[in-house]
Amino acid sequence: MRKGHSGEERLTGSGLPVEAVYESGPAPEELGAPGSFPFTRGGHPSMYRGRLWTMRQYAGFGTAEDTNRRYKYLLGQGTTGLSVAFDLPTQMGYDSDHPMAEGEVGRVGVAIDSLEDMEVLFHDIPLADVSTSMTINATAAILLAFYVALADERGIPRERLRGTVQNDVLKEYIARGTYIYPVEPSLRLVADVMAFCGSQVPQWNTISISGYHMREAGATAPQELAFTFANGLEYVERAIDAGLDLADFGPRLSFFFAAHNDVLEEVGKFRAGRRLWARLLKERYHAPDKACRLRFHTQTGGSTLTAQQPLNNVVRVTLQALSAVLGGTQSLHTNSFDEALALPSEESALLALRTQQILAHESGVTNTVDPLAGSYFVEALTDAVESQALEYLHRIDELGGAAKAVEFMTEEIHKAAYRFQLEVESGDRTVVGVNSFVEEETDPEIHQPDYLALEVSQKASLRAVKDDRDSDVIHRALAEIRAAAKSERNLLPPMIAAAKLRATLGEISEVLREEWGTYDQG
């Protein structure tokens, strides 16, 4: 029997030997070897034989205290990374006591108003030992400032912090909608985060360029790649313009993709994505190989989950997770089967995590690198997805780049979503339990938090923070942020200083609103 890259002997369930990497003569240029440019076959030579993907569960529940309990539960069950979901007021830069936040506090994630909430959110969680992903965009710099401030107050060196802040505002204009400021100042904030972390928080992934939300809005697999990479190239340009070196920040770029039901197409998409991104950076910027390697997190498709026959979603999530693993993801979140109905129950969240663990430890697909390489169908799909994505990228280039092609990308996604819906309604596309194999169901029992009580509690906590601080000190701290916004100074240092003094997310956001204005979609 042969030894793998890790030196560990691997067998199938029946005891058959498994090669670490299957080769059939010299690898064609478009494939390369695993871990080598253009990374089609995987980002690392040994892939999951050497290290499994990070198993994350996305969670945010009303108050920081509630969410902290869920995090501790998930960590105790084997989760290896935390993913924070924030409520809409937090995403939109409003404190919980703002009139615009009424009725939305804690409903789709955790409410974070100040550093006090961040302290509760990560109470008794060792920040130096966990990887924390924060799905936040317009207010990404502020939430990162809170996180760094918390680490500083705990005496944790910034260079030990590991995680990701999504910080991808372009896709908000294209598909998701939680934007605040106009495009240009928003892109300046993105570059400030990249520059600050490059010197102060070197293990932090400063941006997670997201195709997931565009796919959820209806984009096809080629559109997901093309529009994500168009945005990625825009961020690369802004970072270079800000004086950053691609050789330094390129390896810290990360991406976020969806995994949907067409398993082999999704595998082809992930393989095509690695190859396409590597070629784009090499051809346009002569980037070193280490900066060309596509690193990505995957989440199973929320939009594919059905409220009808919700247990069917267990199968959907399993297939989608399998496609992500076969496609070589570095990090994975599996949705809970009941998410189309309500916040995931503890039981369903555990089952979603167990799905990943069974794939990792029982399925056998982690025994070899790029297990579907050489499949005619998969290789053909890889080529087809890449080819169509390139066509979109050429069109976006003609329009002047992603920042000027927002309307084009939005319209293309709308067309794709409309075609999909017509196919479902006509029966040309089967959705089990929705338009085929339908059965009469009783309304499921849904357990929801008492959101009214939660909002009252959060407002009371915020009031206590505001009452216990020096308003003159806060005024001066916010003035420092305003001065930085007017200049070319990096905004993170004054934001961190203000956070430590208990300035709130809404107050910091309002300073930037006053200086920059807001985005007018019309």
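Residues numbered from 1 in each chain as written. Predicted model: local features only at pLDDT ≥ 70, side-chain atom pairs only at ≥ 80, totals over all residues. Heavy atoms only, no water.

Asker: I'd like a description of the overall build of the protein chain, backed by residues and values.
Answerer: On a plain count of helices and strands, the protein chain comes out with 19 helices and nine strands. Taking 522 residues into account, the globule formula puts the C-alpha radius of gyration at 24 Å, and the protein chain, at 23 Å, falls close to it. Expressed along its principal axes, the backbone C-alpha trace of the protein chain runs to roughly 70 × 60 × 50 Å. Residues classed as buried in the protein chain amount to 56% of the 522 residues present. Total accessible area computed for the protein chain in this model is approximately 21,600 Å², and 50% of it derives from carbon and sulfur atoms. The averaged location of the 74 negative side-chain charges in the protein chain is 6 Å from the averaged location of its 49 positive side-chain charges. (Helix = DSSP H or I, 4+ residues; strand = E, 2+ residues; numbered from the N terminus. Rg over C-alpha atoms; globule rule 2.2 N^0.38 Å. Buried < 20%, exposed > 50% of the residue type's maximum accessible area, 1.4 Å probe, protein only. Areas by Shrake-Rupley, 256 points an atom, 1.4 Å probe, with all protein chains shown as cover. Lys, Arg positive; Asp, Glu negative; His and termini not counted. Charge placed at Lys NZ, Arg CZ, Asp CG, Glu CD.)

Asker: So what's going on with the packing of helix α4 (residues 140-154) against helix α19 (residues 505-516)? Residues and values would help.
Answerer: Between α4 and α19, the least distance of the axes is 10 Å, while the angle of their chain directions is 140°. The pairing of α4 with α19 is recorded here as oblique in orientation. Between α4 and α19 lies a crossing of right-handed hand. Of the residues in α19, those in contact with Ile142, Leu143 and Phe146 of α4 are Leu505, Ile508 and Ser509. (Axes fitted to C-alpha atoms, helices over the stretch in contact; angles between N-to-C directions. Parallel < 35°, antiparallel > 145°, perpendicular 65-115°, else oblique. Left-handed = near helix turned anticlockwise from the far one by under 90°. Contact = heavy atoms within 4.5 Å.)

Asker: Help me get a handle on unusual backbone geometry, residues and values and all.
Answerer: Here Phe37 and Pro38 are connected by a cis peptide whose omega angle stands at 5°. Position of Pro38 relative to the elements: it lies in the segment before β1 (54-59). For Met47, which is not glycine, the phi dihedral falls at a positive 45°. In this structure, Met47 sits in the segment before β1. According to the relative accessible area criterion, Met47 is buried, its value standing at 8%. Even without being glycine, Asn167 reaches a positive phi, approximately 60°. Assignment of secondary structure puts Asn167 in the loop between β4 (162-165) and α5 (170-176).

Asker: Describe in detail empty space enclosed by the protein, supporting the description with residues and values.
Answerer: As enumerated under the stated definition, the model contains five cavities of 30 Å³ or more in all. In this structure, the largest cavity encloses a volume near 90 Å³. If you go around the largest cavity, you meet 14 residues; those closest to its centre are Val325, Leu326, Gly328, Asp370 and Pro371. Residues of the lining of the largest cavity, tallied by class, amount to seven nonpolar, four polar and three charged. (1 Å grid on protein atoms, 1.4 Å probe; cavity = no way out; pocket = protein on both sides within 12 Å on 5 of 7 lines; lining within 4 Å. Points joined across faces, edges and corners; volume = space filled by probe spheres on them. Nonpolar A, V, L, I, M, F, W, Y, C, P; charged D, E, K, R; others polar.)

Asker: Quick one: what's the story with the pattern of salt bridges, residue by residue and with numbers?
Answerer: Here the structure, examined in full by the defined rule, presents 38 salt bridges. Of the charged contacts, one joins Arg188 and Asp192 as a salt bridge, the two residues approaching to 2.9 Å between their closest N and O atoms. One end of the pair, Arg188, and the other, Asp192, are both in helix α6 (residues 183-200), four residues apart, so they sit about a helical turn from each other. The residues Arg188 and Asp192 share a single accessibility class, namely buried. Measuring nitrogen to oxygen at the nearest pair gives 2.7 Å for the salt bridge that ties Arg429 to Glu423. The structure contains a network of salt bridges with shared partners spanning Arg41, Arg271, Asp370 and Glu379. (Salt bridge = Lys/Arg side-chain N within 4 Å of Asp/Glu carboxyl O.)

Asker: Summarise the packing of aromatic side chains; cite the residues concerned and give the values.
Answerer: Summed over all chains, the structure comprises 19 aromatic pairs. When the ring of Tyr71 is compared with that of Phe122, the centres are 6.4 Å apart and the planes differ by 25°; the resulting orientation is stacked. Highlighted residues: Tyr71 in helix α1 (residues 64-76) and Phe122 in the loop between α3 (115-121) and β3 (131-135), separated in sequence by 51 residues. Taken together, a centroid distance of 5.7 Å and an interplanar angle of 65° make the contact between Phe257 and Phe296 edge-to-face. (Phe/Tyr/Trp six-rings, centres within 6.5 Å; stacked < 30°, edge-to-face > 60°.)

Asker: Before we move on, can you summarise the environment of Gln388 with the specific residues and values?
Answerer: Within the secondary structure, Gln388 sits in helix α14 (residues 376-398). For Gln388, a relative accessible area of 36% corresponds to the partly exposed category.

Asker: Would you mind going over the sheet that holds strand β7 (residues 253-259) in detail, with residue names and values included?
Answerer: Taking strand neighbours across the sheet as the criterion, the nine strands line up as β5-β4-β3-β2-β1-β9-β8-β7-β6 in an open arrangement whose pairing is parallel. In the strand order of this sheet, the two ends are held by β5 (204-205) and β6 (207-210), each with one partner. As judged from the five bridges shared by strand β2 (residues 81-85) and β3, these two strands associate in the parallel manner. The residue bridging Val84 from the neighbouring strand is Met134, located in β3. (Pairing = 2+ DSSP bridges.)

Asker: Which residues make up the layout of surface pockets, and what are the values?
Answerer: The computed volume of the second largest pocket comes to approximately 890 Å³. Forming the walls of the second largest pocket are 33 residues, and the residues nearest its centre are Arg215, His260, Thr304, Phe420 and Arg429. Secondary-structure elements contributing two or more residues to the lining of the second largest pocket are α7 (212-216), α8 (221-241), α14 and α15 (406-426). Sorting elements by how many residues they give to the lining of the second largest pocket places α15 first, with seven residues. Tallied by class, residues from the lining of the second largest pocket come to 15 nonpolar, ten polar and eight charged.

Asker: Residues and numbers for the confidence of the model for the protein chain, please.
Answerer: Low pLDDT means the predicted coordinates in that region are not meant to be read closely. Per-residue pLDDT for the protein chain has a mean of 92; in total, 96% of the residues score no lower than 70. The low-confidence segment residues 1-5 (pLDDT under 50) makes 15 contacts with residues lying over four places distant or belonging to another chain. (pLDDT = per-residue confidence, 0-100.)

Asker: With reference to specific residues and values, describe the packing of helix α17 (residues 471-486) against helix α18 (residues 492-500).
Answerer: At a minimum axis distance of 9 Å, the contact between α17 and α18 shows a crossing angle of 165°. As far as their axial angle goes, α18 and α17 are roughly antiparallel. Read as a crossing pair, α17 and α18 show a hand that is left-handed. Counting all contacts with α17, which are made through Ala477, Glu480, Ile481 and Ala484, the residues of α18 involved are Pro494, Met495 and Ala498.

Asker: Help me get a handle on the side chain of Ser323, residues and values and all.
Answerer: Relative to the helices and strands, Ser323 resides in helix α12 (residues 312-326). Among the polar contacts listed, one links the side chain of Ser323 to the backbone oxygen of Gln320, at a separation of 2.7 Å. Among all residues touching Ser323, those that are not within four sequence positions of it are Ala259, His260, Val263, Glu266, Val267 and Phe270. (Polar contact = N/O pair within 3.5 Å; in protein donor to acceptor, adjacent residues only side chain to side chain.)

Asker: Hey, could you go over the nonpolar core for me, with residue numbers and the actual values?
Answerer: Nonpolar side chains in soluble globular proteins tend to end up buried together. Core analysis: the largest hydrophobic core is formed by 70 residues, its most contacted members being Phe227, Phe229, Phe255 and Trp277. Element by element, the count of residues in this core is highest for α8, at nine residues. Beyond its immediate chain neighbours, meaning those up to four positions away, Phe227 contacts Met214, Tyr392, Ile396, Phe408, Met409, Glu412 and Ile413. Core analysis: the second largest hydrophobic core is formed by 64 residues, Ala64, Ala477, Ala498 and Trp516 among them. (Core = buried A, V, L, I, M, F, W, Y, C linked by side-chain atoms within 4.5 Å.)

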